[in-house]
Amino acid sequence: MNLSRRRHATSHVETSSMNDIMFFLMLFFLIVSTMVNPNVIKLLLPNAKSSKQVMKQPITVSINAAGEYYVNKKPVTATTLEPELQALLVPGQPPEAQPSVVLRVDAGLNVQKLVDVLEVGNRLKLKMVMATQSQQAAGK
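Residues numbered from 1 in each chain as written. Predicted model: local features only at pLDDT ≥ 70, side-chain atom pairs only at ≥ 80, totals over all residues. Heavy atoms only, no water.

Student: I tried to follow the environment of Glu-84 on my own but got confused; where do I start?
Tutor: The topology assignment puts Glu-84 in helix 2 (residues 81-88). For the pair formed by Glu-84 and Lys-74, sequence separation is ten residues and the distance between their alpha carbons is 9.8 Å. A distance of 3.3 Å separates polar atoms of two side chains, one belonging to Glu-84 and the other to Lys-74. (Helix = DSSP H or I, 4+ residues; strand = E, 2+ residues; numbered from the N terminus. Polar contact = N/O pair within 3.5 Å; in protein donor to acceptor, adjacent residues only side chain to side chain.)

Right, here's the structure in full:
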């Protein structure tokens, strides 16, 4: 009686082409990820009976190199800046529900003018964000 073990066939998976496939998948995902906006979150929102839409547009305050003030591209003076911003606010809403203010200030401007605008925003309890330019865009 022959009780010796028989030779079993071993299975072997060829993985030499796997490197090429992984490289092309990585390349595909890198290209696609640059086209996708990462700041978008897709949500299924609940339905509402009222169809009133509330759009909270930011208020833009610009100061050019000559020291001229603009609120949403409308020229204003330094003394009328606070009343103009106050007029754009919605009365009765808490400060966190008010629109934010985007500051667009010329790079060569005196810092004191920026501080004056920040003080006006602080008095009105506004959220203020300063717009900047990336170094890559500045170099072009």
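So much for the structure itself; the text now carries on.
Student: Would you take a moment to explain the pairing of strand 4 (residues 101-105) for this structure?
Tutor: Residues in a regular strand point their side chains to alternate faces of the sheet. The two faces of strand 4 differ: Val-101, Leu-103 and Val-105 on one face are buried, but Val-102 and Arg-104 on the other face are not. As defined by bridge partners, strand 1 (residues 59-63) adjoins strand 4 across five bridges and the pair is classed as parallel. Paired with Ser-62 across the two strands is Arg-104, which belongs to strand 4. One ladder, built from three bridges, connects strand 4 with strand 5 (residues 128-130); its direction is parallel. Among the inter-strand pairings, Val-101 is bridged to a residue of strand 5, identified as Met-128. (Buried < 20%, exposed > 50% of the residue type's maximum accessible area, 1.4 Å probe, protein only. Pairing = 2+ DSSP bridges.)

Student: What's the story with the packing of aromatic side chains in this structure? I'm lost.
Tutor: Centre-to-centre distance and the angle between the planes together describe a pair of aromatic rings. As enumerated under the stated definition, the model contains two aromatic pairs in all. Ring geometry for Phe-23 versus Phe-24: centroids 5.7 Å apart, planes at 65 degrees, classification edge-to-face. On the basis of relative accessible area, Phe-23 is assigned to the partly exposed category, the value being 47%. A relative accessible area of 54% means that Phe-24 is categorised as exposed. A centroid spacing of 5.4 Å and a plane angle of 65 degrees characterise the contact between Phe-28 and Phe-29, whose relative ring orientation is edge-to-face. Its relative accessible area of 48% is what places Phe-28 among the partly exposed residues. Of the residues examined, Phe-29 reaches a relative accessible area of 52% and is grouped as exposed. (Phe/Tyr/Trp six-rings, centres within 6.5 Å; stacked < 30°, edge-to-face > 60°.)

No statement about biological role is implied by the geometric values presented.
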